Amino acid sequence: MPIRFFIGILLVVLLAGCQQKATADDHLPRTDYATGYNGNAQIPDDRTLLKENDTIQAEKGFMTLKEANFEPQTIVVGDIHLTIHDVKRIHLEPDYSMVDYFHQLTHKETFDFVKAYVTIENTAKETRHFSPVATLKAASGTQSFERDIYLDNISGSFAPSEKKQGNIGYITEPGDDALTVTTSAVFDEHEQQLTKQTTFTLQP
């Protein structure tokens, strides 16, 4: 009788532990939107950074998540649907091998940047040309698309119904709490403008 009692107690404890783990996991944001992402040549993969102060040590550097926003938003620009899946503010300490790359963008040895994982879809039956960022404005000033640290090739020509996924990211200064992004216009295959530019906000 005592043995059955102790076995029963043990089962209750194990089940409670499993339930606690499931509950904890339920509070983590879903990141399946980036399952097919192959990574980036310059920036460590941030997909495991889900909570404030999460860190990752990778070959390309050490990253700490400072803020994150996993509320998706979709911006419609004519035939282009731009979906923002996450926005993160990350502190990056680049590996020594990456210093030359980042010195083109900043003289700081470590820095913060804001990034977003996006999906861009051409819903038209014809080719469209589009860039998710033409300019980016923050308290510290305005940056052009040329200062994107990811270079994930998600701009340019979109075939009919084509989707592209990847990151956009920009180095920020203290006080750059929100970033106002202006997209490009949408152009057809003959480079004729079809829509005006649109603005949206990146808020970690």
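Note: the structure precedes this text.
Because the structure is predicted, anything quoted here is derived from the model rather than measured.

Caption draft 1: The arrangement of the packing of aromatic side chains in detail. Under the defined criterion, the tally for this structure stands at five aromatic pairs. Aromatic pair Tyr101 and Phe102: ring centres 5.0 Å apart, planes at 80°, arrangement edge-to-face. The burial state of Tyr101 is the same as that of Phe102; both residues are buried. Ring centres of Phe102 and Phe111 lie 5.2 Å apart, and the angle between their planes is 55°; this geometry places the pair in the tilted category. We note that Phe102, like Phe111, is buried. Taking NZ or CZ as reference, Lys164 lies 4.4 Å from the ring centre of Phe158, over its face.

Caption draft 2: Representation of the pairing of strand 2 (residues 61–69) within the structure. Where strand 1 (residues 55–58) meets strand 2, four bridges bridge the pair, whose relative direction is antiparallel. Each bridged residue has a counterpart across the sheet, and for Ala58 the counterpart in strand 2 is Gly61. Counting the residues that bridge the hairpin from strand 1 to strand 2 gives two residues. Pairing geometry for strand 2 and strand 4 (residues 80–94), over eight bridges, is antiparallel. Across the sheet, Phe62 pairs through a bridge with Glu93, a residue of strand 4.

Caption draft 3: Here's a closer look at the nonpolar core. With 23 residues, the main nonpolar core has Ile84, Val118, Ile120, Ile168 and Leu202 as its most contacted residues. Residues within four places of Ile120 in sequence aside, it is in contact with Ile80, His81, Leu82, Phe130, Pro132, Ile154, Phe158, Glu162, Lys163 and Lys164. Within the second largest apolar cluster, 22 residues are counted, among which are Ile43, Met63, Ile90 and Met98.

Caption draft 4: Structural context of the layout of surface pockets. Its volume calculated, the largest pocket comes out at about 220 Å³. Taken together, 14 residues make up the lining of the largest pocket; nearest its centre are Ser131, Val133, Phe145, Asp148 and Ser155. Classifying every residue of the lining of the largest pocket by side-chain character gives eight nonpolar, four polar and two charged. Its boundaries defined by the atoms lining it, the second largest pocket holds a volume of some 160 Å³. Forming the walls of the second largest pocket are Leu105, Thr106, Ala138, Ser140, Gly141, Thr142, Gln143, Arg147, Ile171, Thr172, Glu173 and Asp176. Counting only elements with at least two residues in the lining of the second largest pocket, the list comes to strand 8 (141–144) and strand 10 (163–172). Sort the elements by how many residues they give to the lining of the second largest pocket and strand 8 lands first, with three residues. Classifying every residue of the lining of the second largest pocket by side-chain character gives three nonpolar, six polar and three charged.

Caption draft 5: Quick peek at the pattern of salt bridges. Scanning the entire structure with this criterion turns up eleven salt bridges. Put simply, Lys115 and Asp46 hold a salt bridge, and the shortest N to O gap is 3.3 Å. You can see Lys115 sitting in strand 5 (residues 111–122) and its partner Asp46 sitting in the loop between helix 1 (2–26) and strand 1, a full 69 residues away along the chain. Across the pair, Asp46 and Lys115 agree in class, each one buried. Within this structure, Asp46, Asp86, Lys88 and Lys115 form a network of salt bridges that share partners.

Caption draft 6: Expanded view of empty space enclosed by the protein. Per the counting criterion, the structure on display carries one cavity of 30 Å³ or more. Taken as a whole, the largest cavity holds about 60 Å³ of empty space. As for the largest cavity, its lining consists of Thr31, Tyr33, Ala34, Tyr37, Asp45, Asp46, Arg47, Asp86, Lys88, Lys115, Tyr117 and Asn167. Here the residues of the lining of the largest cavity sort into four nonpolar, two polar and six charged.

How each quantity is defined
Residues numbered from 1 in each chain as written. Predicted model: local features only at pLDDT ≥ 70, side-chain atom pairs only at ≥ 80, totals over all residues. Heavy atoms only, no water. Phe/Tyr/Trp six-rings, centres within 6.5 Å; stacked < 30°, edge-to-face > 60°. Buried < 20%, exposed > 50% of the residue type's maximum accessible area, 1.4 Å probe, protein only. Lys NZ or Arg CZ within 6 Å of the ring centre and 35° of its normal. Pairing = 2+ DSSP bridges. Helix = DSSP H or I, 4+ residues; strand = E, 2+ residues; numbered from the N terminus. Core = buried A, V, L, I, M, F, W, Y, C linked by side-chain atoms within 4.5 Å. Contact = heavy atoms within 4.5 Å. 1 Å grid on protein atoms, 1.4 Å probe; cavity = no way out; pocket = protein on both sides within 12 Å on 5 of 7 lines; lining within 4 Å. Points joined across faces, edges and corners; volume = space filled by probe spheres on them. Nonpolar A, V, L, I, M, F, W, Y, C, P; charged D, E, K, R; others polar. Salt bridge = Lys/Arg side-chain N within 4 Å of Asp/Glu carboxyl O.

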